[in-house]
Structures are given as C-alpha cells and as structure tokens.
Amino acid sequence: MIKSNYIYFSNATKYSISIATLTLVGALLRTPGMDLPITGDLAGAFIKHFQTSWYSLLLNLRDFDQRTSFILLSKIAMGIFGENEFALRLPALLSGIFALPLAYKVGVLTTASRTGALIGTLILTFSFTHLDFIRDARGYSLTVFLALAMVLITYKLLEKKNFNLWAILFLLTGLGMILIVPTNIHFLVGIGVFYIITILQDHRKPYIFGDLIKLIWPFILLFGVICGYFLYILEDLKRAIATEKNFGKFFGIDPEMGFSLSRFTDIFLTLISPWHTWLYMFLFYGLICLYKTRGFVLFVSLIISPIILILLSGLLGPPRVYIYWLPFFLILIGFGMGELLIYAKSKFSSFLVYYIAIIILAVIIFYPLASHSDRFLQTPPKQGTTLKDAKTAIAYIK
C-alpha cells in the first residue's frame, strides 16, 4: 500500500480558511465606490454636522441625520488620511468588512453550528442591504458591527471571566450604538431581556440581592446613562421627531411615522434583499431547531422586544433603522439551511443533498452578481460634488 504524503486540514482550519476567503471577497465587493463624490443625505450630513465640535456632537442632537459615533470616527479617519471621500467612508468600510468574521464568531456562539454560521456569513457577504449601507456611510454598517459585538460581549459576561473588562466594553459599545441612532435602544432592550432571562435560568437557587446586582450592574449602568442622556437631549429629540414629520408631510411620506402593516413588512423585505421571502422558511426552521437553547432565547428576545417597543410607542421608522436585525436574521437563515441539509442527508442520498446545497449556494452567490452586477462594481461618475466642493460651499455659507 502506498502511503499518502498529503496533510489534510482539520475541520477548524477549513472553516478558518473559508471565513478568511469570505472576508477577502467581502472586502473586494465593498471597496468599489468608496471614493465616490458625496451626494444626498451623506452630503447633507457632512454640511450640517462634520464641522461641529466634538463637545456639541456628544451633548446635542440637531436632527436624526446626526450619527455621532460615525461622525467622530470619520473625523479621526480624515485627520489621519486627509479630508477625502475614501477617508470619510473608511469607518463604514472597515466596520462592514470586520462584521463578516464577527458574524461567524457570533453565529457559532449562538447556534453551536460552524456550518450554519458559515452559510449565514456567506449570505451577509452578498447582502445588498449591507453593501448599500456601507456606501451610504451614515453609520448603519457600524450599527451592524456594534450589534454583533454586543452579543459577543454579552456571552462573555455570562461566562463571568474578566467580568469587569467585558462590562466596560459593554458600556462603551452600547453607548456607541445609541450615539448612532437613538432607536437602537430597542436592540439594547432585547439584549437586556436575554441576559436577565439567561442568568435566572442558569441559577437554580434564588439569587441573593447582592449577588444579582454584581451580575447586572453593567446593564443598570448602561441604561442609567442612556436614560440620563435621553432626558438631557429630550427637547432635541422632540424637535427632531417634529422635523421628520414635517419632512415626511412635505415629500408625501407618512408624516406621522405611525405603525402600518405595509411599512412593517418592508423592513423584512429589505433585510433579505436581493433575495426573496423564500429565505424566511429557513429562518423559522432555524428557530425551531434552536428551541430550548440559549440561542433561541437570544433570537426571540432580539426580535420580539423591538416589536413590542414599536407597538407601545406607535412610531415606526424606515427599514434602515432596524438594520441591527440584519446579521441575526441571516445567521438564523444560514443555521436553518445547514440543519435542514443535515436532516435531509439522514433521510435521502448524500448526492441529492449535495446537489440541492450547490443549487441553493449558487443562487445566494450568483443571483446578485448576475442580476445586479452594477450594484457590486460601481464606478465613479464623471460629475459630482467632491468633499472639497462641499467644504467650499460651507465656507461660503458661513
């Protein structure tokens, strides 16, 4: 018998190589268009907010286009690399790229499935919603990254190792989300619900009050600071909401920002763009497979808590406001796909299952590339407003 000299990769190494490859592909897909001239809402945000002092950004809210965390990071990037369009969008690009391996890490933590986490990351890599909001560069891709980071940090808090360090990171990350969009509080409430349920489930005996406080003080501190911040900028919030209503009325958009089923449905259609609603059958199957696990509690908390808060407040923002759902929906979809294929393999021939898997993955990868290639590989237009032009306009107005 001839002995093989080949060294085969371990499963862990194969998954690591796959994630590194997806991260590289994701970077290549997300980089084109980063130097495009600024237009639309980004141009408006630059004119209104980028010349504002750090102190004013942190302690005031002029309108909902003020994405403080993102603006501060962009200011740092432009201070290092110069005031240009690429540096302006750099925080969006980096957060979008690093969200891919982080999504895989969180997927493994929450579902205990490397295959499901890998498929979920694959879908996120080709997600139009994620790609578009990176180029939009108004903090939405940063929201995705921080939402994933919050889940990772929360799991680290539950492990109770280096608790104080993770608690500090928890506070900073949570505040970072609030300083992007105040409605990210919906997501943080979901995190809090998950954490409280989990520590109560993991501890069979009733907690002594002092021991309970030691475990939940990061949440008490975070929500205490957030409540104080909201009270401080309460008049700013009221004015910003009124401005949004007037803006919507002027342009024929729902001026009341009230809940409606059609607008609510738009959120879920946006999250799975460019694919269609058929992906959601995998999400539901993934939830069923997670039943009675910590992951199930997490996903249900993150989905149900914001919906309850939306119904209680009577305010429903545009789909982009709920971008924090994106990675978790796609992780669940990937997990559902993986579990369904594993189940099918136990009932049918392996060849048939591999054939179906190839078809599904081909649709995920090649459908967006074939039908909407222009959205992946944008080229700068011949004409447009550059950052230099915008600064000249600001100086002229002043």
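Note that the coordinates shown come from a computational prediction; the quantities given were computed from them, not determined experimentally.

Quick notes on the rules
Residues numbered from 1 in each chain as written. Predicted model: local features only at pLDDT ≥ 70, side-chain atom pairs only at ≥ 80, totals over all residues. Heavy atoms only, no water. Helix = DSSP H or I, 4+ residues; strand = E, 2+ residues; numbered from the N terminus. Buried < 20%, exposed > 50% of the residue type's maximum accessible area, 1.4 Å probe, protein only. Areas by Shrake-Rupley, 256 points an atom, 1.4 Å probe, with all protein chains shown as cover. Axes fitted to C-alpha atoms, helices over the stretch in contact; angles between N-to-C directions. Parallel < 35°, antiparallel > 145°, perpendicular 65-115°, else oblique. Left-handed = near helix turned anticlockwise from the far one by under 90°. Contact = heavy atoms within 4.5 Å. Nonpolar A, V, L, I, M, F, W, Y, C, P; charged D, E, K, R; others polar.

1. Some words on the overall build of the protein
- Check the secondary structure of the protein and you find 19 helices and zero strands.
- Here the protein holds 398 residues, and 48% of them are scored as buried.
- Here the protein has roughly 20100 Å² of accessible surface; of this, 68% comes from carbon and sulfur atoms.

2. Some thoughts on the packing of helix 9 (residues 163–178) against helix 11 (residues 209–232)
- For the pair helix 9 and helix 11, interaxial distance at closest approach is 10 Å and the crossing angle is 25°. Classified by the angle their axes make, helix 9 and helix 11 are roughly parallel. Our pair here, helix 9 against helix 11, has a crossing hand that is right-handed. Here Phe163, Asn164, Ala167, Phe170, Leu171, Gly174, Leu175 and Ile178 of helix 9 lie close against helix 11, whose contacting residues are Lys214, Leu215, Trp217, Pro218, Phe219, Leu221, Leu222, Val225, Ile226, Tyr229 and Phe230.
- In terms of residue class, the contact of helix 9 with helix 11 is made up of 16 nonpolar, two polar and one charged.

3. Brief notes about the environment of Leu361
- With respect to the helices and strands, Leu361 occurs in helix 17 (residues 350–371).
- A sequence separation of 242 residues divides Leu361 from Ile119, and the C-alpha atoms of the two residues are 8.4 Å apart.

4. Quick notes on the packing of helix 5 (residues 85–111) against helix 6 (residues 114–125)
- Relative to each other, helix 5 and helix 6 sit at 150°, their axes nearing to 8 Å. On the basis of the axis angle, helix 5 is roughly antiparallel to helix 6. Handedness of the crossing formed by helix 5 with helix 6: right-handed. Every residue of helix 6 that contacts helix 5 at Ala99, Leu100, Ala103, Tyr104, Gly107 and Val108 is listed here: Arg114, Ala117, Leu118, Thr121, Leu124 and Thr125.
- Broken down by class, the residue content of the contact of helix 5 with helix 6 amounts to eight nonpolar, three polar and one charged.

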